[in-house]
Every structure is written in structure tokens, then in C-alpha cells.
Amino acid sequence: MAEVTRAPKVYDVCIIGSGAAGGTAAKILTEGGLNVVMLEAGGPLNPAQDFKEHVWPYQLPHRGAGVGGKASADFGEFLAPNGSWEIEGEPYTTAPGSKFRWFRSRIVGGRTNHWGRIALRFAPVDFRSRSTDGMGDDWPITYEDVAPYYDKVESYIGVFGTKENVPSAPDGIFMPPPKPRCTETIIKKACDKLNVTCIPSRMAIITQPHNGRPACHYCAQCGRGCVSASNFSSSQVMIPAAEKTGRFTLITKAMVREIIVGKDGKAQAVSYIDKSARIEKKIYAKAFVVGASACESARLLLNSKSAMFPDGLANSSGVVGRYLTDSVGSSGGGVFPQLAKMPKHNHDGVGGMHMYMPWWKFDRKNDFLRGYHIEFGGGRSMPGVGEFDDLCEVVEGYGASLKQRCRDVYGTYIGFAGRGEMIPNENSYCEIDPDTADEWGIPVLRFHWQWSDNEIKMARDMQETFRAIVEAGGGTYYSKVESDGPNPYGIADGGVIIHELGVVRIGNNPKTSALNGYCQAHDVKNLFVTDAASFVSNPDKNPTLTIMALSWRASEYLLDQAKKGNL
Amino acid sequence: MSSNLSRRDILKTLAYGAAATSVLRVIPAQAAEYAHHMIAAEKAAAPAKAYTAKFFSPHDYKTLQTLCQTIIPADADSGGAIEAGAPEFIDLLTSENPDYQRILGGGLLWLDSACSDRYDKVYLDCSPEQQKEILDQIAYKKNAIANPALNPAVEFFSFLRNMTADGFFTSEIGIKYLGYVGSAFLKEFPGCPPVPEI
């Protein structure tokens with residue numbers, strides 16, 4: 001039979017990745033009239049089947065521990081299907097002496113299916129790091145450039161919070177926050193005594209019906225995925241909006257190998273592995289938006305080598321893979337005897353904190369630069385596996401006294417987690433490992449990682465603050481950390497906070513940045529990278545809200561450029 | 001549920017989301033609530049039949065059950081680890097994990113042989129006093145510090161204690177015993193009730 005040769009279909013835009021960045025771009029571009037194809041390396045999501053919301057541990061044979069007890073490493077069996085620390089057949093490597101962990105997602109919606117829903121705006125000062133303290137670099141854009149897009153994102157996805165006028169934590173467009181739990185009432189009073197700012201948190205969970213999504217019903221299980229879509233995920237909020245336009249094609253199990261450049265120096269196609277069929281396919285488009293998650297986006301560019309771009313696409317500056325940062329994380333906890341006297345009541349609330357401490361020491365001299373915020377939680381939440389490991393370790397023995405002791409201490413614990421800003425350093429970066437490819441034959445990333453003294457000092461300050469708050473609240477701080485060793489002051493290993501970013505940064509100078517202020521590649525004008533790879537710095541605010549604001553802004557710019565025929 | 005949505009409507013909504021787009025469209029809150037109850041009811045309806053251990057021999061499984069119940073016994077407020085299904089949970093996970101097999105399988109063998117040496121009987125045939133005597137040896141780390149030969153047995157018991165606590169406190173009776181109230185559908189979150197000292 002003779003083969004029929006046809007000109008391939010050319011989409012207006014091809015988006016790589018379906019998470020916060022890709023989902024936002026899909027909504028804006030399709031609603032703007034463009035035909036969009038999205039490639040996702042993982043499978044489809046079916047919340048009705050995949051989400052374990054309202055399931056009790058005893059309804060699962062493994063009680064949440066997973067097969068062979070192994071799920072606890074990936075946050076437990078109840079979590080929305082979202083990825084894991086290790087993906088079979090898709091390794092990554094670390095350089096000798098570097099400790100770095102990479103949490104990756106392979107599913108529609110990416111990590112937004114399980115993220116903490118903490119939705120914090122960067123502050124004006126966060127865009128002017130170098131001008132402020134001489135370290136790192138300024139962003140090519142300002143808070144004023146991004147603020148209208150924070151407004152748009154918050155208005156669309158729904159975020160609760162309160163107007164507080166805290167300079168380090170700009171107010172946004174908020175729904176009313178939920179009332180504080182008892183744990184939060186105790187900590188708020190303790191913070192007031194210490195002059196530590198403690199305010200209602202800002203979370204992408206709707207407390208009022210919004211765009212056809214019902215309000216939160218306060219089961220505290222956001223991390224499991226929300227069947228009623230009362231919290232934000234790209235899969236349930238962004239992608240349905242794109243689908244509604246009729247101009248959206250989603251291809252799952254599509255692992256992109258390379259972006260192919262035409263003779264004119266513009267991106268022309270992507271080559272991807274159809275994982276189900278195990279064959280290579282191509283998709284053609286007039287423009288490309290990369291939102292594969294920061295390090296996957298860098299990996300894709302570095303693997304897209306050609307005669308015209310021998311060091312990888314959009315990498316004439318050599319910065320792709322550089323400036324890798326994660327949040328500084330340190331945690332601790334205390335026991336509060338007054339919580340044992342609480343009458344039985346529903347303490348669930350939303351899935352996450354109702355209050356938090358934004359960075360409050362911005363107006364004084366500290367022994368480290370930049371700042372951190374504090375997240376906290378505890379009390380009588382649904383019991384899970386591992387709940388009493390610590391207690392058993394301390395109490396030991398067996399029998400009626402052990403059983404009663406567990407009941408006595410249940411729900412009396414409040415844990416604290418600091419999230420601080422790491423300053424980019426030359427020893428923390430990722431690159432292609434020349435010796436290792438994944439099961440699709442695609443070269444993998446190798447990570448290099450080192451904290452600097454600034455981060456260690458910040459972790460020490462976190463520990464001192466946690467202890468002060470616990471003691472001011474009438475509790476006993478029990479976390480013990482070492483001042484040296486591999487994790488001084490309890491600082492988490494690189495990547496563990498899952499805020500890894502910065503590896504394809506924006507900037508005005510094409511010699512020191514890969515993208516311009518609209519996340520458009522300096523070298524390839526029909527190529528955009530709109531995930532957190534584009535960040536110039538990693539302030540103490542969780543990155544997702546800013547990813548969406550930048551992706552929204554870049555997508556509007558792309559639309560405008562497309563209309564003007566500039567792509 | 002006080003609504004005119006039928007089960008069929010709900011299933012249609014759910015199936016539509018899955019089949020049409022692979023990504024669920026937003027479903028009404030009452031549909032979500034109904035679906036949750038439905039899943040829970042179907043899961044709860046699974047018949048309770050006699051459990052056949054997947055990993056442990058019948059003898060070892062009986063020893064395991066006895067140990068679990070000794071770690072978390074029944075009392076006036078609730079049943080114990082056996083009523084909570086802890087031994088089934090431990091057996092299932094052990095059947096899937098070689099490390100668990102080494103620690104728990106090896107630990108049970110050690111226990112019977114230690115009892116045989118000491119009392120000329122396997123653990124299950126020992127008197128309550130003898131059982132207490134041997135468990136008191138392996139239930140505390142300080143004994144292994146005094147006598148390092150006890151290390152594996154102390155590790156075994158510590159592991160079993162954690163798993164028994166997991167099995168009990170994630171069970172329906174264990175959660176009720178703790179007094180957890182939640183996983184509900186609330187229109188408003190009431191916040192902290194007035195409590196002294198809070």
C-alpha cells in the first residue's frame with residue numbers, strides 16, 4: 001500500500017507540562033483563541049477514583065502505609081497521585097559530596113494535585129535582592145509588574161486570607177479565612193507575647209462557592225486531592241477551563257526528549273516518547289511553552305542540542321542549570337499539656353494551616369540576610385500510621401499503660417516548619433550527566449548542592465524561634481538538633497522542601513540570563529519557559545502563586561505577540 | 001443526603017468526567033458527599049471472613065496475635081489489637097517486605113527458642129509470669145545496653161510495638177478510643193471551642 005504523505009498538523013502553541021505553569025498557560029492561550037496542544041509525561045487523572053478523600057485508614061488493607069510499608073517515604077498512601085522521590089526507570093544522579101533530592105510528578109496537574117495550597121505573594125523587596133543587600137541579582141521585573149497578575153490569579157483560583165499591611169507579605173484578593181483551631185489560638189497568644197507577627201494564612205482553598213466550585217467542607221484532607229475541587233489544582237481548575245474552549249488537545253504519557261529548531265533558528269517541533277507505545281513522535285507548533293517543572297525544563301533545554309545551539313537551546317549564556325535553589329527548611333515541635341484538656345471536637349479545618357507567621361524581622365539587623373516564614377500545625381487530626389512511633393520510642397514497655405499514654409498525648413503536639421530564602425551560589429546547580437540516560441534513552445540530570453553559611457544561620461534562628469514560641473505558649477520544646485554534622489540546626493537536604501527553582505532565569509542581559517522579563521528565550525523568540533525555572537531568586541514564599549502569575553503574564557504577552565505576527 | 005440527585009445521576013456525573021476528558025469536571029458538593037458515602041459503604045460491606053496469614057506460619061501467627069494483644073490489650077474503653085485487626089495488617093505488610101520478614105520472622109523464632117532454653121516451652125505454652133519475664137527483658141533498650149546479645153530481640157519488639165500501635169490506632173475502634181472527631185462535611189468551621197487555658 002502506498003504511503004500517504006501529509007503535511008503535519010501545526011498547532012499554534014505546544015505546552016510541555018500540565019502543572020501550575022502549563023495549566024495557567026493553557027487556560028490563557030486557549031481562551032485567547034489559540035489552538036493548543038499539551039504534552040504531559042504522566043497519565044491522566046481521575047479524581048473520583050484516584051482521590052482518597054474521606055477514606056479512613058481502616059478502609060485500606062495497608063492502613064495508609066502502602067505495599068510493604070513503603071508509601072510513608074512518599075507522604076503516605078492517602079496522598080493524591082502526584083509523583084514520588086524516585087521514579088522507576090527515570091533516575092537522576094548527584095555529584096560526589098552533594099545531597100539533593102528531587103520530587104517529580106508524572107500525572108495531569110503535576111504537583112498541584114498535592115501541593116500545600118500556600119499562596120503567598122512575593123514582596124516588592126523580593127524582586128530587588130541585589131539592590132537591597134548586594135547578594136544575588138535583581139529581577140528584570142518589579143512587584144508592580146507582577147501585582148496585576150497576582151490579582152488575576154487570586155481572583156480566578158480563590159485564595160483565603162486577610163488584609164494585614166505587613167510589608168514582607170503583600171495583601172491580595174482574599175476570601176474570608178476559616179476560624180482558628182485551638183492549636184492556632186494558643187500559638188497566636190504566644191506570638192503576641194513575643195511580638196512575632198502571626199496572621200491568618202493565605203491558602204488556595206475557597207471558603208465561598210466560586211466559578212461553580214463548592215466551598216470547602218473542612219475535612220482537612222486537601223493533600224489527598226479534593227473531589228469537589230474546593231482547593232486549587234491545575235488538573236481541576238485550569239485544564240477544565242482550557243478544555244471548555246474546544247481548542248485544547250491533551251496528550252498524556254508523552255515524555256518530551258527534545259525541542260527541534262528549524263533553519264530559521266526558531267523552535268519548530270518537539271520530539272517525544274509515547275510511553276504507552278514506546279515509540280518516538282513529533283508535534284509541530286508555532287510557539288512553545290515549557291513548564292515541565294524547573295529542573296525538567298532545564299534538562300529539556302540542555303538536551304535540545306543542535307549545530308546552531310551546541311550548548312543546548314536558549315543557553316548561549318551558559319546559565320541553564322545554574323542558580324539552583326530550594327527553600328531553607330528546618331522544623332521542630334512541642335507538647336502542650338493544655339491541649340489534653342480539650343473537649344472532643346472537630347479540629348480538622350482546611351487541609352493546612354489557618355494561621356502562619358510571615359517574615360517579621362525585616363526591619364532590623366539579623367546575623368543573616370533575607371528572611372523566612374513559619375508554618376505550623378498539630379492537634380487532633382485523623383490518626384495515621386507512624387502516629388505514635390516517637391512516643392513508643394520514649395515510653396517503651398507494653399500493655400494498658402502504653403495504650404493509655406498514647407491516648408493522653410494524642411493531639412497535644414504542635415509542629416513548626418520554617419521556610420526561608422536561600423541565596424543562589426555557584427556550587428548549587430544541575431547539569432546533564434554524561435554517563436546516565438533514563439529508560440527512554442534521555443540523558444538525566446546530575447545535581448550539585450551546597451548550603452552556605454547564611455542558610456545555616458537562618459536555620460539556627462528558626463530553631464531558636466520555635467523554642468521561644470513553644471515555651472511562651474506553655475509547652476515543652478522537644479526537638480533536638482546538632483549545630484554541626486550533615487544537617488546543622490536541622491536544615492533539610494537540598495530539594496527536600498520541593499521548592500527547587502531558578503535554573504532558567506529571566507533577566508535583561510542575554511549574557512547572564514536565558515529569558516527576558518516575559519519568560520521568552522533571548523535566543524529563540526517563539527520559546528517560553530514559564531515555570532519556576534524562570535525565577536531569579538527564591539524568596540521565603542512558596543513559589544506556586546508566583547509561577548501562575550508569571551505564566552499568566554507570559555501567556556498574555558505571547559498572545560499579543562502572536563496577534564502582531566511577531567512569533 | 002437531602003437532595004433529589006439519584007445514585008444514577010451521580011454515577012453519570014462521575015463517569016462523564018472520567019470518560020469525556022480524563023480530567024474530572026467540577027461536581028456538585030452533594031454529589032461529592034454522596035460519592036464519598038457510597039465508596040465508604042461499599043468498602044464497609046466487604047464480608048469479614050476468617051483470615052489466613054499470608055506470611056506467618058499458623059503457629060507464628062498465633063504467637064503474633066498474642067503479642068499484639070499484650071502490647072495493646074482490651075480494656076474497659078475498647079477492644080485490643082486483635083479486635084482492631086492489627087495482626088492482619090502486620091502480616092500483610094510483612095508478606096510484602098523482606099526487611100519486615102527478617103525482623104518479625106526472626107524475632108518470633110528467637111522468642112520461641114529463648115523460651116525453650118529458659119522454660120523448656122515455646123512462648124505460647126509459657127505461664128503468664130514466664131511470658132511477662134521474657135517480654136520485660138526485650139521491651140526496653142536499657143536491657144540491650146546491659147546485654148548486647150539482646151539487641152536483635154529488642155529491635156524486634158520495638159518494631160512490633162510500633163506496628164501494633166499503627167494497627168490499633170488506625171482501626172475504627174482505635175480511632176474511637178483516641179476520640180478523633182472529624183472527616184466530616186461542615187458548612188462552617190466552628191473554630192476552637194471555649195476551653196480553659198486556651
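Residues numbered from 1 in each chain as written. Chains lettered and ligands numbered in written order. Predicted model: local features only at pLDDT ≥ 70, side-chain atom pairs only at ≥ 80, totals over all residues.

(A) Structural view of the overall build of chain A. The number of helices and strands found in chain A is eleven helices and 16 strands. Compactness check: chain A gives a C-alpha radius of gyration of 24 Å against a globular reference of 24 Å for 567 residues, within 12% of the reference. Taking the principal axes of its C-alpha atoms as reference, chain A extends roughly 80 × 55 × 45 Å. Out of the 567 residues in chain A, the part that is buried amounts to 58%. Sequence separation of at least 24 residues holds for 73% of the intrachain contacts in chain A that already meet a minimum separation of 6. (Helix = DSSP H or I, 4+ residues; strand = E, 2+ residues; numbered from the N terminus. Rg over C-alpha atoms; globule rule 2.2 N^0.38 Å. Buried ≥ 20, exposed ≤ 12 C-beta atoms within 10 Å, placed from the backbone. Contact = placed C-beta atoms within 7 Å.)

(B) Representation of the nonpolar core in the model. Core analysis: the biggest nonpolar cluster contains 160 residues, and Cys14, Val36 and Phe288 of chain A have the highest contact counts within it. Contacts of Cys14 of chain A, omitting those with residues within four sequence positions, involve Val37, Leu39, Val270, Ile283, Ala285 and Phe288 of chain A. (Core = buried A, V, L, I, M, F, W, Y, C linked by C-beta atoms within 7 Å.)

(C) Quick look at the sheet that holds strand β3 (residues 93-94) of chain A. Residue and element names in this part refer to chain A. Taken together, three strands build an open sheet; the order of strands is β3-β14-β13 and the sheet is mixed. At either end of the open sheet lies a strand with only one pairing partner, and these are β3 and β13 (429-437). Sheet analysis places β13 next to strand β14 (residues 443-448), joined by five bridges and oriented antiparallel. When the sheet's bridge partners are listed, Cys430 is paired in β14 with Phe447. Helix-sheet contacts for helix α7 (residues 294-303) involve β13 and β14, and the interaxial angle to β13 is about 60°. (Pairing = 2+ DSSP bridges. Axes fitted to C-alpha atoms, helices over the stretch in contact; angles between N-to-C directions.)

(D) Representation of the sheet that holds strand β9 (residues 328-335) of chain A within the structure. Residues and elements named next belong to chain A. The strand order across the open sheet formed by four strands is β11-β12-β9-β15, and the pairing between neighbours is antiparallel. Taken across any chain shown, the strands that pair with only one partner, and hence form the sheet edges, are β11 (372-378) and β15 (476-477). In the sheet, β11 pairs with strand β12 (residues 413-420) via seven bridges, with the strands oriented antiparallel. The residue of β12 that forms the bridge with Tyr372 is Gly420. Sheet strands in contact with helix α10 (residues 453-472) are β9, β11, β12 and β15, and its direction is about 20° off that of β9.

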